[in-house]
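# Secondary and tertiary structure notes
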Amino acid sequence: MENRDDLNSILPYLPLVIRSSSLYWPPRVVEALKAMSEGPSHSRVDSGEVLRQAISDMRRSLSCSTLEPSASHGYALLFDELIGEKESKRWFDEIIPALAKLLLKFSSLLEEHYQNADSIVSGIETGLRLLDTQQAGIVFLSQELIGALLACSFFCLFPDDNRGAKHLPVINFDHLFATLYESYSESQESKIRCIMHYFERFCSCVPIGTVSFERKILPAEYQNSSTTAPDADFWSKSEFSLCAFKVHSFGLIEDQPDNALEVDFANKYLGGGSLSRGCVQEEIRFMINPELIAGMLFLPRMDDNEAIEVVGIERFSCYTGYASSFRFAGDFIDKKDKDPFQRRRTRIVAIDALCAPKMRHFEEICLLRKSWQHQNMVIDEGDSGLRHTDANTSHEALLNDVEMSREKPANNLVRDFYVEGVDCMDHEDDGVATGNWGCGVFGGDLELKATIQWLAASQTRRPFISYYTFGVEALQNLDQVTKWILSHKWTVGDLWNMMLEYSAQRLNKQTNLGFFSWLLPSLATTNKTIQRS
């Protein structure tokens, strides 16, 4: 075990120690976990107040810093005041002991993980490790191991003093509970209730599937030191046809019925504000699919030319609302089929949007960056979990590879080589389910962002985009515009060039119309008539 590079890279961020080729909890932590595993009659952990003290004691045994008082008070607030007496008693009688038993198995689960990691896919490293920025790779984790990792987060047992230096997001739940205490809101309580529900489901029946986390990287063309995108000719000369475009005024990406690639409108730090006060698209997804949180342990922030793909997560919760109106709405049974790796057929790809206030959206360099970044997300020559990127590969070669994948078995193709005898998920016909990426606090232009995502999906030969507008009035003409463009059989290059011309006119103040009204002047006339009436 001591000689494993993967283990050694992640060990500083785990609460375990290695000795004589085995992983161990410190003795005092073992004592505390054993007491909790036997219930409140042995541990005396029968209230939020006592639980916070037990957490503080374990952290002290691990030489971790003291929890902020507001975090400790948050645990007490939840279990002693917010949830009912019956539910609280169930947690201390059943759930807390079950989580303690799970943590007592944590070291053996990790050892088993590393024993099996080298045999999942021949020639590809899949063990838990730090997947650093600009380091392409994939990690496979069992759902049981993920449960143990999240139990560590619940008890705030991960060392956190050294995470900032590696640009890792927070992983313990102390900020989640601190925010509950400092500025209570029903939405914050609902986020925690989603996680509680996950643990309740886990403890009643341990899931037996697998989840993979992959850092995906596309190479930089160093024609311009300020961007990782190729030059404009890459897009303007493209003769690829535009893919089908399905507009959904209502509905949610996670409910899409087509097994499409689902977009996470991500922060550059995976999970964004999931474990603090955030409660928009990414954070909600992390609450209803809490296994996503495990990736925050070992995936540092994303660069512009990176994306993170997660395959196989299970959904556990229903919800209503958004942001301050978000509410936990009960149990969700995930009926997705599994692939040969025992991953659910759910694929989520996280990409960080460009913060583009005022007129910055229309600068060519921003258009290039956003288009190439989104293409990084959707490019896929087979099973994403089995692909590595050669930083010296040209854009033309990448596109050739995409074309090759239409003729060769999708379940065998990897970016630099073929893996023989692996029966993987076939993604050849997968579309993209997305929405208003980067158009919230980042101020992205809705019409341009929709167009950019369409261009990227088409350039990478995706068969369709399912676009969820969430009822935003500014996209009321999206269906009409995309149908008009498709009826005229435009290519990727045609649409790119029109978008570039429009952006230049906006920057030079030659027009103040939105892209769709500029493209189809009849829309501007219709909109003015509607406004007058």
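Residues numbered from 1 in each chain as written. Predicted model: local features only at pLDDT ≥ 70, side-chain atom pairs only at ≥ 80, totals over all residues. Heavy atoms only, no water.

### Let's talk about the overall build of the protein
Condition: Here a strand is any run of E in DSSP of at least two residues, a helix any run of H or I of at least four, and the numbering for each starts at the N terminus. Burial classes follow relative accessibility: with a 1.4 Å probe on protein chains only, a residue under 20% of its type's maximum area counts as buried, one over 50% as exposed, and anything between as partly exposed. In what follows, residue pairs with any heavy atoms lying within 4.5 Å of each other are defined as contacts.
A tally of regular secondary structure across the protein gives 19 helices and twelve strands. Per-residue burial for the protein yields a buried fraction of 59% across its 533 residues. The long-range share in the protein, meaning contacts at least 24 apart out of those at least 6 apart in sequence, stands at 76%.

### Topic: the sheet that holds strand β11 (residues 432–434)
Threshold: Strands were regarded as paired on the criterion that DSSP finds at least two bridges between them. Whenever a helix is involved, its axis is fitted only over the stretch in contact; in every case the axis is a line through C-alpha atoms, and angles between N-to-C directions fall within 0 to 180 degrees.
Taken together, eight strands build an open sheet; the order of strands is β3-β4-β7-β10-β6-β11-β12-β5 and the sheet is mixed. Edge positions in the sheet fall to β3 (137–142) and β5 (244–248), since each of these pairs with one other strand and no more. This sheet shows a mean twist of 20° between the axes of neighbouring strands, independent of strand direction. The pairing of strand β7 (residues 306–311) with strand β10 (residues 347–352) spans four bridges and is antiparallel.

### Observations concerning the side chain of R315
Heads up, the rule is: In protein, a polar contact requires one atom able to donate a hydrogen and another able to accept it; more generally it is a pair of N or O atoms within 3.5 Å, and residues adjacent in sequence count only if both atoms are side-chain atoms.
Position of R315 among the secondary structure elements: in the loop between β7 and β8 (317–320). Separated by 2.9 Å, the side chain of R315 and the backbone oxygen of S317 make a polar contact.

### Observations concerning the layout of surface pockets
What counts is decided by this rule: Here a cavity means grid points, on a 1 Å grid over the protein atoms only, where a 1.4 Å probe fits yet cannot get out; a pocket means an open set of points with protein on both sides within 12 Å along at least five of seven lines; lining residues are those with an atom within 4 Å of a point. Grid points are joined across faces, edges and corners, and a volume is the space filled by probe spheres set on the points. Only Asp, Glu, Lys and Arg are considered charged, only Ala, Val, Leu, Ile, Met, Phe, Trp, Tyr, Cys and Pro nonpolar, and every remaining residue, Gly among them, polar.
Computed from the structure, the second largest pocket encloses a volume of approximately 330 Å³. Forming the boundary of the second largest pocket are 17 residues, of which H113, N116, L141, S142 and T210 lie nearest the centre. Sorting the residues of the lining of the second largest pocket by element identifies α7 (106–117), β3 and α8 (143–154) as the ones contributing at least two each. At five residues, the largest contribution of residues to the lining of the second largest pocket is made by α7. Tallied by class, residues from the lining of the second largest pocket come to nine nonpolar, six polar and two charged.

### Here we look at the nonpolar core
Keep this limit in mind: Working definition of a nonpolar core: buried Ala, Val, Leu, Ile, Met, Phe, Trp, Tyr and Cys residues. They are joined through side-chain atoms within 4.5 Å.
Judged by nonpolar contacts, the single largest core of 92 residues is most densely connected at W25, L51, F79, F154, F155, F199 and I293. Ranked by size, the runner-up nonpolar core spans 45 residues in total, among them L242, I351, W437 and L520.

### Observations concerning empty space enclosed by the protein
It is a probe the size of a water molecule, rolled over the atoms, that shows where empty space is left. What the rule picks out here adds up to two cavities of 30 Å³ or more. Quantified by volume, the largest cavity comes out at close to 40 Å³. Lining the largest cavity, in full, are F245, A450, T451, W454, L478, V481, T482, I485, L495, F515 and F516. Residue assignment for the lining of the largest cavity shows that the elements contributing at least two residues are α15 (446–459), α16 (478–487) and α18 (515–519). Top contributing element to the lining of the largest cavity by residue count: α16, with four residues. In terms of residue class, the lining of the largest cavity is built from nine nonpolar, two polar and no charged. What the second largest cavity holds in volume is close to 40 Å³. Taken together, F154, F173, L176, F177, I192, I195, M196 and F199 make up the lining of the second largest cavity. Of all the secondary structure elements, the ones that give two or more residues to the lining of the second largest cavity are α9 (174–182) and α10 (186–204). Tallying contributions element by element places α10 first for the lining of the second largest cavity, with four residues. Split into classes, the residues belonging to the lining of the second largest cavity amount to eight nonpolar, no polar and no charged.

### A look at the packing of aromatic side chains
Quick reminder of the rule: To pair, rings of Phe, Tyr and Trp, with the six-membered ring standing in for Trp, must have centres within 6.5 Å; the planes then decide the type, stacked if under 30 degrees apart, edge-to-face if over 60, and tilted in the middle. For a lysine, the NZ atom is tested; for an arginine, the CZ atom; a charge sits over a ring if that atom is within 6 Å of the ring centre and within 35 degrees of the ring normal.
Following the criterion strictly, the structure yields 24 aromatic pairs and no others. On the numbers, 5.3 Å between centres and 55° between planes, the contact of Y198 with F199 is tilted. By the burial criterion, Y198 is buried, and F199 matches it. Each member of the aromatic cluster is reached from another via a ring pair, and the members are Y75, F79, W91, F92, F154, F155, F177, Y198, F199, F202 and F316. When the ring centre of Y24 is taken as reference, the NZ or CZ atom of R19 above it lies at 4.4 Å. Between the NZ or CZ atom of R315 and the centre of the ring of F332, over which it lies, the distance is 4.1 Å.

### Concerning the pattern of salt bridges
For the record, the criterion: Salt bridges, as used here, are contacts in which a Lys or Arg side-chain nitrogen is within 4 Å of a carboxyl oxygen on Asp or Glu.
What the rule picks out here adds up to 27 salt bridges. One salt bridge in this structure joins K105 and E144, with 2.7 Å as the shortest N-O distance. Taken together, the residues span a long stretch of sequence, with K105 in the loop between α6 (85–104) and α7 and E144 in helix α8 at a distance of 39 residues. One continuous salt-bridge network, built from bridges that share partners, spans R201, E314, D331, D334 and R344.

### Some details on unusual backbone geometry
Glycine aside, the phi torsion of most residues is negative, and most peptide linkages are trans. The phi torsion at S21 lies on the positive side, around 65°, for a residue other than glycine. Tracing the chain through its elements places S21 in the loop between β1 (17–19) and β2 (22–24).

### Some points on the packing of α8 against α10
Selection criterion: Angles are sorted into four bins: roughly parallel if under 35 degrees, roughly antiparallel if over 145, roughly perpendicular if 65 to 115, and oblique for all others. Left-handed is the label given to a crossing in which the near helix is rotated counterclockwise from the far helix by less than a right angle, and right-handed is the label when the rotation is clockwise.
Orientation of α8 relative to α10, taken along the N-to-C sense of each, is 135°, at an axis distance of 11 Å. By the criterion of interaxial angle, the relationship of α8 to α10 is oblique. In the crossing of α8 with α10, the sense of the turn from one axis to the other is left-handed. Two secondary-structure elements touch here, α8 through Q143, E144, I146, G147, L150, A151 and F154 and α10 through Y198, F199 and F202.

### A few points about the pairing of β7
The element β7 is largely enclosed, with a buried count of six among its six residues. The alternating pattern of β7 places E306, I308 and V310 and A307, E309 and V311 on opposite faces, both of which are buried. When strand β4 (residues 210–217) meets β7, the two strands line up antiparallel, connected through six bridges. In the strand pairing of β7, I217 is matched with E306.

### Describing α10
So the rule is basically this: By definition here, a helix of n residues has an expected span of 1.5 Å times n minus one.
Spanning 19 residues, α10 covers 26 Å between terminal C-alpha atoms, matching the ideal 27 Å at 1.5 Å per step. With 15 of 19 residues buried, α10 lies mostly within the body of the structure.

### Concerning the side chain of E309
When you line up the elements, E309 lands in strand β7. One polar contact links E309 to K216, side chain to side chain, over a distance of 3.4 Å.

### Observations regarding the environment of E94
Mapped onto the elements of the fold, E94 is located in helix α6. Owing to a relative accessible area of 47%, E94 belongs among the partly exposed residues under this scheme. Taking C-alpha positions, E94 is 9.1 Å from E200, a pair spaced 106 residues apart along the chain.

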